[in-house]
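The primary structure of each chain is shown beneath.
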Amino acid sequence: MRHLNIREIQEILPHRHPFLLLDYIEDYEPGKYAIGYKCVSYREEFFAGHFPGEPVMPGVLTVEALAQAGAVAILSMEEHKGKTVYFGGIRDCRFRGKVVPGDKLRLETKIIRQKGPVGIGAATASVDGKVVATAELTFMVG
């Protein structure tokens, strides 16, 4: 297993606080997959307004966190080091549960196709083994 701490993730991704949504990478294989985690704290800025009295992590941020896990898999490839990965599309996105303060959000993105700078990742987010979101993410290496 290969794992990355926050400093090593920052060497790969251009994202920074408050938009870096990965705390660590548990395992990854360049060009194949990455499994990461976001430890969701009540102190996240978005909880102030989403929703007062019932804090829920916005689904779009869960999808972004999945994309960042996929970006680790792509940008850790030698030919893509130092580049940026952009969204090209989101298909078949489904939200199946809430992400709330105290959750340890598991983010797994497998690269299922890649041709040149464009590819597709199959992404699954889960909490305590329960799937909370799935999506097919299209990316473009810039």
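The rules we used
- Residues numbered from 1 in each chain as written.
- Predicted model: local features only at pLDDT ≥ 70, side-chain atom pairs only at ≥ 80, totals over all residues.
- Heavy atoms only, no water.
- Helix = DSSP H or I, 4+ residues; strand = E, 2+ residues; numbered from the N terminus.
- Expected span 1.5 Å × (residues − 1).
- Buried < 20%, exposed > 50% of the residue type's maximum accessible area, 1.4 Å probe, protein only.
- Phe/Tyr/Trp six-rings, centres within 6.5 Å; stacked < 30°, edge-to-face > 60°.
- Polar contact = N/O pair within 3.5 Å; in protein donor to acceptor, adjacent residues only side chain to side chain.
- Contact = heavy atoms within 4.5 Å.
- Pairing = 2+ DSSP bridges.
- Axes fitted to C-alpha atoms, helices over the stretch in contact; angles between N-to-C directions.
- Salt bridge = Lys/Arg side-chain N within 4 Å of Asp/Glu carboxyl O.

Peer 1: Looking at this structure, I do not really get helix 2 (residues 59–75). What am I missing?
Peer 2: Helical geometry note: an α-helix holds 3.6 residues per turn, so side chains three or four residues apart project in the same direction. The terminal C-alpha atoms of helix 2, which comprises 17 residues, lie 24 Å apart, in line with the 24 Å expected from a rise of 1.5 Å per residue. Buried residues dominate helix 2, accounting for 15 of its 17 residues.

Peer 1: Just checking my understanding: could you explain the packing of aromatic side chains for this structure?
Peer 2: We describe a pair of aromatic rings using the distance from one ring centre to the other and the angle between the two ring planes. Following the criterion strictly, the structure yields three aromatic pairs and no others. Arranged with centres 5.1 Å apart and planes meeting at 20°, the rings of Tyr24 and Tyr37 form a pair that is stacked. A residue pair is termed long-range when its members are at least 10 positions apart, and Tyr24 in strand 1 (residues 24–29) and Tyr37 in strand 2 (residues 33–39) qualify at 13 residues. A residue is classified by how much of its surface remains accessible, and Tyr37, at 10% relative accessible area, is buried.

Peer 1: Please explain unusual backbone geometry as it appears in this structure.
Peer 2: Across the junction of His17 and Pro18, the peptide omega takes the value 5°, indicating a cis bond. Mapping Pro18 onto the fold places it in the loop between helix 1 (6–12) and strand 1. A cis geometry characterises the amide bond from His50 onward to Phe51, with omega recorded as -5°. Mapping Phe51 onto the fold places it in the loop between strand 2 and helix 2. Backbone geometry places Asp92, a non-glycine residue, at a positive phi of 50°. Secondary-structure assignment places Asp92 in strand 3 (residues 85–95). Exposure remark for Asp92: the relative accessible area of 48% places this residue in the partly exposed category. A positive phi angle, near 55°, is found at Asp128, a position not held by glycine. Along the chain, Asp128 falls in the loop between strand 5 (118–127) and strand 6 (130–141).

Peer 1: I would appreciate a short explanation of the side chain of Thr109 in the present structure.
Peer 2: Here Thr109 lies in strand 4 (residues 104–115). A polar contact is formed between the side chain of Thr109 and the backbone oxygen of Leu66, at a distance of 2.8 Å. The residues touching Thr109, leaving out its near neighbours within four places in the chain, are Lys32, Tyr33, Ala34, Leu66, Ala69, Gly70, Gly121, Ala122 and Ala123.

Peer 1: I would appreciate a short explanation of the sheet that holds strand 2 in the present structure.
Peer 2: By definition, the strands of a sheet pair up through backbone hydrogen bonds, in either a parallel or an antiparallel sense. Pairing is antiparallel in the open sheet, where six strands are placed in the order 1-2-4-5-6-3. Among the strands making up the open sheet, the edge pair consists of strand 1 and strand 3. In this sheet, adjacent strand axes meet at a mean angle of 20° when their direction is disregarded. Here eight bridges tie strand 3 to strand 6, and the two strands are oriented antiparallel to one another.

Peer 1: Can you walk me through the pattern of salt bridges in this structure?
Peer 2: Within this structure, the stated rule accounts for seven salt bridges. With a closest N to O distance of 3.4 Å, Glu78 and Lys81 form a salt bridge. Residue classification places Glu78 among the exposed positions, given a relative accessible area of 60%. Notably, a salt bridge pairs Arg91 with Asp92, separated by 3.9 Å at the nearest N-O pair. The exposure class assigned to Arg91 is partly exposed, which follows from its relative accessible area of 48%.

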